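# Coordinates in review
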Amino acid sequence: MQSLHIAWNDVKIRIADRSALIMLLLLPLVLTAILGTALKPIMSNEDSFADTTIGLYTADSDSLARIFEEDVLRKLDFIKIESTNKEENLGKMLKEGKIDVGLSIPTVWSENVKEGKLKEVRLFSNSDKELKAAVIESILTSFVSRVQSVSHTTNVVMADLSTSQAVAAGPGEVTELASTITVELTNQGNEVTPITDRTIGKETVSSMQYYAAAMAAMFLLYNITTGAKSFIKERDLETLARLKISPTSDWSIILGKFLGTLGFACIQFLIFIMGTSLFCKVHWGDNVGQLLAMGGAYAVAVSGLSMLLAGLIKEMRTADLISGIGIQILAFAGGSMLPLSQFPDFLKRLSDVVPNKWALTGFLEIMAGVNWGEILPAIIGLFLVGIAAMLIGTLRLRTR
Amino acid sequence: MLKVENIKKSFDQKEVVKNVSFSVDKGEAFGLLGPNGAGKSTLISMICGLVKYDQGDIWIDGLSVKKRPLEIKKKIGIVPQEIALYPTISARENLLFWGKMYGLTRAETKRKAEEVLSFVGLSERAKDKIETFSGGMKRRINIGAALMHEPELLIMDEPTVGIDPQSRNHILETVKDLNKSGVTIIYTSHYMAEVEYLCDRIGIIDQGEVMALGTQRDLCNRLANGTVIEMKLTNLNEEFLQYIKQIHGVERVMIKPDTHAIDICINETENPLPEIITLAVNANIQIETMERKEPNLESLFLQLTGRSLRD
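Computed from a predicted structure; not experimentally measured.

Time to look at the overall build of chain A. Of the regular secondary structure elements, chain A holds 15 helices and four strands. With 400 residues in all, chain A has 39% of them scored as buried.

Formed by 152 residues in total, the largest nonpolar core has its most connected members in Met294(A) and Ile155(B). No other element matches helix H8 (residues 207-236) of chain A, which puts 17 residues into this core. The residues contacting Ile155(B), other than those within four sequence positions of it, are Ile44(B), Ile47(B), Cys48(B), Ile76(B), Ile78(B), Val79(B) and Ile186(B). Tyr57(A), Ile99(A), Val101(A) and Phe124(A) belong to the second-largest nonpolar core, a separate cluster that totals 22 residues.

All names here are of chain A. With mixed pairing, four strands are arranged side by side in an open sheet as S2-S1-S3-S4. Where the open sheet ends on each side, the last strands, each with one partner, are strand S2 (79-83) and strand S4 (122-125). Across the sheet, the axes of successive neighbouring strands diverge by a mean angle of 25°, strand direction being ignored. Bridge count for strand S3 (residues 101-105) against S4 is four bridges, and the pairing is antiparallel. For valine 101, the partnering residue across the bridge sits in S4 and is serine 125.

Here the focus is the interface of chain B and chain A. At the junction of the two partners, chain B supplies 19 residues and chain A supplies 18 residues. Put simply, the parts of the chain that give the side of chain B that touches chain A at least two residues each are helix H2 (69-75) and helix H3 (91-101) of chain B. Along the lines of polarity and charge, the residues of the side of chain B that touches chain A split into 12 nonpolar, three polar and four charged.

A word on the packing of H8(A) against helix H14 (residues 355-368) of chain A. Two quantities define a packed helix pair, namely the angle between the axes and the distance from one axis to the other. Residues and elements named next belong to chain A. Contact pair H8 / H14: the axes reach a minimum separation of 9 Å and the direction vectors enclose 150°. For the pair H8 and H14, the sense of crossing is right-handed. Facing H8, whose interface residues are Gln209, Tyr210, Ala213, Ala214, Ala216, Ala217, Met218 and Leu221, H14 presents Asn356, Ala359, Leu360, Phe363, Leu364 and Met367. When grouped by side-chain class, the residues that make up the contact of H8 with H14 number 12 nonpolar, two polar and no charged.

Let us look at the sheet that holds strand S8 (residues 184-189) of chain B. All names here are of chain B. Spatial strand order, S6-S7-S8-S3-S9-S10: six strands in an open sheet with mixed pairing. Edge positions in the open sheet fall to strand S6 (76-79) and strand S10 (209-215), since each of these has one partner strand only. Within this sheet the neighbouring strands show an average axis-to-axis angle of 15°, counted without direction. Where strand S7 (residues 153-157) and S8 come together, five bridges link them in parallel fashion. Paired with leucine 153 across the two strands is threonine 184, which belongs to S8. Together, strand S3 (29-33), S7, S8 and strand S9 (201-206) form the strand contacts of helix H1 (residues 40-47), whose direction differs from that of S7 by roughly 150°. Its contacts with the sheet put helix H11 (residues 297-305) on S3, S9 and S10, and the angle it makes with S9 is roughly 35°.

What follows concerns the environment of Val300(A). All names here are of chain A. With respect to the helices and strands, valine 300 occurs in helix H11 (residues 288-312). When the C-alpha positions of valine 300 and leucine 259 are compared, they lie 8.9 Å apart, and in sequence the two are 41 residues distant. Leave out the neighbours within four places in its chain, and valine 300 touches Leu262, Leu382, Phe383 and Gly386.

Residue and element names in this part refer to chain A. Following the UniProt record, one finds the feature "transmembrane region" (unreviewed entry) at residues 20-39, 210-232, 253-279, 291-313, 320-340 and 375-395. Along residues 210-232, the helical share is 100% and the strand share 0%, with 34 Å between the first and last C-alpha atoms. Span residues 320-340 is 67% helix and 0% strand, its end C-alpha atoms 27 Å apart.

Below, the discussion takes up the confidence of the model for chain A. Any region with low pLDDT has predicted coordinates that should not be read closely. Averaged over every residue, the pLDDT of chain A is 80; the share at 70 or more is 82%. The low-confidence segment residues 191-200 of chain A (pLDDT under 50) makes 10 contacts with residues lying over four places distant or belonging to another chain.

Another aspect to go through is the environment of Asn94(B). Residues and elements named next belong to chain B. Examined against the element boundaries, asparagine 94 turns out to sit in helix H3. Separated by 48 residues in the primary sequence, asparagine 94 and asparagine 142 place their C-alpha atoms 9.4 Å from one another. Ignoring anything within four residues of it in the chain, the contact list for asparagine 94 reads Leu85, Tyr86, Ile89, Ile130, Ile141 and Ala145.

A positive phi angle, near 40°, is found at Val108(A), a position not held by glycine. When the 14 C-beta atoms within 10 Å are taken as the criterion, Val108(A) is described as partly exposed.

This part covers H3(B). Of all 11 residues making up H3(B), 11 are buried, and the element is well covered by its neighbours. Looking only at H3(B), the buried set comprises Ala91(B), Arg92(B), Glu93(B), Asn94(B), Leu95(B), Leu96(B), Phe97(B), Trp98(B), Gly99(B), Lys100(B) and Met101(B). In this structure, the buried side of H3(B) is in contact with helix H1 (2-16) and helix H9 (239-245) of chain A together with helix H4 (106-119) and helix H5 (135-147) of chain B. At the exit of H3(B) stands Gly103(B), carrying a positive phi of roughly 80°.

Looking down a regular strand, the side chains alternate between one sheet face and the other. As judged from the six bridges shared by S9(B) and S10(B), these two strands associate in the antiparallel manner. Within S10(B), the position partnered with Gly203(B) by the bridge is Leu213(B).

So, how was this worked out
Residues numbered from 1 in each chain as written. Chains lettered and ligands numbered in written order. Predicted model: local features only at pLDDT ≥ 70, side-chain atom pairs only at ≥ 80, totals over all residues. Helix = DSSP H or I, 4+ residues; strand = E, 2+ residues; numbered from the N terminus. Buried ≥ 20, exposed ≤ 12 C-beta atoms within 10 Å, placed from the backbone. Core = buried A, V, L, I, M, F, W, Y, C linked by C-beta atoms within 7 Å. Contact = placed C-beta atoms within 7 Å. Pairing = 2+ DSSP bridges. Axes fitted to C-alpha atoms, helices over the stretch in contact; angles between N-to-C directions. Nonpolar A, V, L, I, M, F, W, Y, C, P; charged D, E, K, R; others polar. Left-handed = near helix turned anticlockwise from the far one by under 90°. UniProt positions renumbered as here; feature names shortened; annotations may be inferred. pLDDT = per-residue confidence, 0-100.

As structure tokens, then:
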């Protein structure tokens, strides 16, 4: 019971601290709104490669250009083609927003295909449609590369065959064989390299949603230092000594401090969810239970880590330093500043060990509409991290 | 009520409490007098179970602090030397919190908080945050927090440090009233006047040792053969002081900081005063004033330790 009184007192003290309240409640809302809006062109649905409109100019009726248009581009569901008879129209169409990417296929594109070479295709794009341009470029590169491979392979095989004993069978069979090889390889070449995007859940996550989740993950992290600082402050104010003089066990005091941080983290999370839903129109997914479970587990994790930190440090200055630098590093590594997808591989691997990344990924998955099975490992992981950290912190604090 | 028996405590191999023993009766006001660093706070921390002692034992109402800490904590109230309150919440909220920490019910806590606020004279400031209070008001709430659970033994560790005379008087009256109502008081201070005013019995402590113990009269009677002479001198020098110390009948000599005065503790039966005066004249030192001081705790402390209480 005493633990609950200590926890409630802690929450009241934090609520009474207006600067901390602004920092932990208002700032994440404002940052979400700013980052979500500012990065919308890069991350928004409009730039996901669903529904890409290509402006296509083909200088003549080259057979390879026709194959590329008919058998590749038109077979991809997410691509619409706007044909034009003048190359200069592509730039205009791009400016007017009628197309996302422009492609200009030169005269007799397949002219040098037997030498394994193709003339260059011009690609027009806007800076705010980089993702779509990159996707179309990769389709084009894949097609060109396969055409060149087919052509080159056929040449090599035919050269081999012409010197082998099989030629003795007669020129008719060699011609038939060459034709079969070409057809088979061409068919393979026409298979566009599948563009894989790990689609999780049923919904696509927008930039505003990403940054809402990122800010939730980042600002809840601050509870690690505020929780630890609250402990140090109690010691500096001598209220900790007074608590220890009262008939309250050490365990109850530490549990109370843990619950205080947990309580504030939960309040902060709930206010943030409501704030972003109301003011930034962020959709946090359809499953409130999943969201609360993930948020709760993350709150347990940061509260436990705050106890661990309280057990490791003695000075308020150290806590301030960790708050200023350590939390920023964690937030960066966890994807709260830059989207995780933009990270190089080694950073992606590094980010796997930070709990805020698990929380962020969890929130994004919930927004995308996954089932419980997919987020349960993160929930359990966060919960266990919190409990383990609290126990280690408690032992440290008791022996100090 | 309290029995301290052969208590020893060392920090980093330095003995800070040396074999201390004393007892306090129920309803008594007991003063622990000693300069800063004498070991008073350590002793109090051990009595309330905050610091473990190395040797001996402490008993409160027949219960060992070592063996029954939780039961004992309910019986005692501590007023720490520091303002151990939450500055950003109100006086009432602070009192309610500390009441709950002692297991009071919600109704009891509310009733007691109003009672305590009235007792310390701060009912009108109940809703104000502690950080807006003056030093004296903070000290009064600091005492109030220790009274929430109606302790049988109230231990006050220098509760008047750094406050104005008006607040000090208010606190002293509060303590006096509490004692009259039957609460046993242990009061530590390095202000002799406070201890003299409040306490029935006094223990003088210095460098971790109880130097003297008894009622005020007992202690002053120890000075029956000893007198403290205060002299104001010009051209005071170290050589002169060394000569005085060698005179038969001079027990201690202490220079008063920032003055040209010295306190000389003499044995009246030996009557060393004429020799001191002759020595001053020969050394060309002019005696501006010479005063015999009434025996009090300060002079006793000087006699016992050779130091002032405020050192």
